[in-house]
Amino acid sequence: MITLYGFPLSNYYNKVKLSLLEKGVPFVEELARPSQDAALLEKSPTGKIPFIKRSDAEGYLIESQAIVEYIEAIGPKENRLLPEDPWEAAQCRSIMFLIDFSIDSPCRPVLPAALLGQKAVPEQVASAEQSVARGVSGLRRLAKFKPYIAGSELTYADLAAITVMPVASVVLKMITGKDPLEDWPELHSYFALLRQRPHVQRVEAEATQALQAFLAMQKKQ
Ligand SMILES: N[C@@H](CCC(=O)N[C@@H](CS)C(=O)NCC(=O)O)C(=O)O
């Protein structure tokens, strides 16, 4: 059995959780918050979430991309979520890396301003906006929407898109009032298609609930 550590406020946690659900790999969830405490660092050497553990093996596995690849390797072969063809599989990975490094990562420096009420630094906000816009325009050139992001089959790239990308939208909209994904109608039709899937609905509902609870707690403080 796999134990998935983290919490549904994390987009990377949700990417892994949705991957486990869509692949059909049984798992249990255990709450873990990112921290630099020694106890957490023993399990997750960077102090980040998500990470997983197998009940029949020592040690933990960090980094959502490595975890997703592991899920594909151990899950039911008939339910392929990464193409067999190495070129097609690499195309999927490149979409996932673009989402992580060119859309999600650039908005991280301004996340505390959006979610923790810290003061936004104008240079950081401008840089985040510019970098995310560049990442989004790169993804616009790469996305196939036929109907899925990498082609005709559902892949982990779709599961990453629907779970990881919304954070850039939420964070930048909270700070600047402008959603960087707003003017991309094809993306919204594609997200609507993915949202017909029960597992996507479950993961998004649990993420929304966690965000609302977190914002309500922040307001009280
Ligand atoms: N590259 C990592 C990113 C994970 C990540 O950034 N997780 C966030 C939560 S969404 C975290 O733990 N942040 C705490 C920190 O940066 O110290 C992955 O794909 O798993």
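Just so you know, these numbers come straight off a predicted model, no measurement behind them.

A. How the structure looks around the UniProt feature "domain: GST N-terminal" (unreviewed entry) in the protein. The UniProt entry lists residues 1–79 under the feature "domain: GST N-terminal" (unreviewed entry), expressed in the numbering used here. Helix makes up 38% of residues 1–79 and strand 22%, with an end-to-end C-alpha separation of 19 Å.

B. Examining the site of the ligand more closely. Around the ligand, the neighbouring residues are Ser10, Asn11, Tyr12, Pro34, Gly47, Lys48, Ile49, Pro50, Glu63, Ser64 and Gln65. If you list the elements that add at least two residues to the shell around the ligand, you get α1 (11–23) and α3 (64–74). Of the residues assigned to the shell around the ligand, the class counts are four nonpolar, five polar and two charged.

C. Layout of the sheet that holds strand β3 (residues 51–54). A sheet is described by the order of its strands in space; here four strands give the open sequence β2-β1-β3-β4, paired in mixed fashion. Two strands close off the open sheet at either side, each with one partner strand: β2 (27–31) and β4 (60–62). With strand direction ignored, the average angle separating the axes of adjacent strands in the sheet is 25 degrees. In the sheet, strand β1 (residues 2–6) pairs with β3 via four bridges, with the strands oriented antiparallel. By the bridge assignment for β3, Ile2 is matched with Arg54. The sheet strands contacting α1 are β1 and β2, and the helix crosses β1 at an angle near 155 degrees.

D. Here's a closer look at the UniProt feature "domain: GST C-terminal" (unreviewed entry) in the protein. Residues annotated by UniProt as "domain: GST C-terminal" (unreviewed entry) correspond here to residues 85–214. When the span residues 85–214 is considered, its composition is 73% helix and 0% strand, and the gap between its end C-alpha atoms is 42 Å.

E. Inspection of unusual backbone geometry at higher detail. Between Ile49 and Pro50 the backbone carries a cis peptide bond, its omega angle lying at 5 degrees. Residues Lys146 and Pro147 are joined by a peptide bond in cis, for which omega reads 0 degrees. Take Pro147: it is sitting in the loop between α6 (122–142) and α7 (156–164). For Phe145, which is not a glycine, the phi torsion comes out positive at approximately 50 degrees. Mapped onto the elements, Phe145 comes out in the loop between α6 and α7.

F. Highlighting the packing of helix α4 (residues 86–107) against α6. Two elements in contact, α4 and α6, have axes separated by 7 Å at closest approach and are oriented at 160 degrees. Classed by the angle they form, the pair α4 and α6 counts as roughly antiparallel. The interaxial crossing formed by α4 with α6 has left-handed handedness. Taking contact as the criterion, the partners of Ile95, Leu98, Ile99, Ser102, Ile103, Pro106 and Cys107 in α4 are, on α6, Ala128, Ser131, Val132, Arg134, Gly135, Val136, Gly138, Leu139 and Leu142.

G. Molecular detail of α1. The end-to-end C-alpha distance of α1 is 18 Å, a good match for the 18 Å that 13 residues give at a rise of 1.5 Å each. Among the 13 residues of α1, twelve are classified as buried, and the element is accordingly described as predominantly covered.

H. Region of the structure containing the domain arrangement of the protein. Here the protein is described as being made up of domain 1 (2–74) and domain 2 (86–220). Centre-to-centre separation of domain 1 and domain 2, based on C-alpha positions: 20 Å. Tallying the contact residues gives 14 residues for domain 1 and 16 residues for domain 2. Those elements giving two or more residues to the side of domain 1 that touches domain 2 turn out to be α1 and α3. With nine residues, the single largest contributor to the side of domain 1 that touches domain 2 is α1.

I. Spotlight on the pairing of β2. The buried fraction of β2 amounts to zero of the five residues, a small share that puts the element mostly on the outside. As judged from the five bridges shared by β1 and β2, these two strands associate in the parallel manner. Looking at the pairing, Tyr5 lines up with Glu30 of β2. For the crossover from β1 across α1 to β2, the handedness is right-handed.

Quick notes on the rules
Residues numbered from 1 in each chain as written. Predicted model: local features only at pLDDT ≥ 70, side-chain atom pairs only at ≥ 80, totals over all residues. UniProt positions renumbered as here; feature names shortened; annotations may be inferred. Helix = DSSP H or I, 4+ residues; strand = E, 2+ residues; numbered from the N terminus. Near = placed C-beta within 6 Å. Nonpolar A, V, L, I, M, F, W, Y, C, P; charged D, E, K, R; others polar. Pairing = 2+ DSSP bridges. Axes fitted to C-alpha atoms, helices over the stretch in contact; angles between N-to-C directions. Contact = placed C-beta atoms within 7 Å. Parallel < 35°, antiparallel > 145°, perpendicular 65-115°, else oblique. Left-handed = near helix turned anticlockwise from the far one by under 90°. Expected span 1.5 Å × (residues − 1). Buried ≥ 20, exposed ≤ 12 C-beta atoms within 10 Å, placed from the backbone. Domains from an automatic or database assignment. Right-handed = clockwise from strand over helix to strand, strands pointing away.

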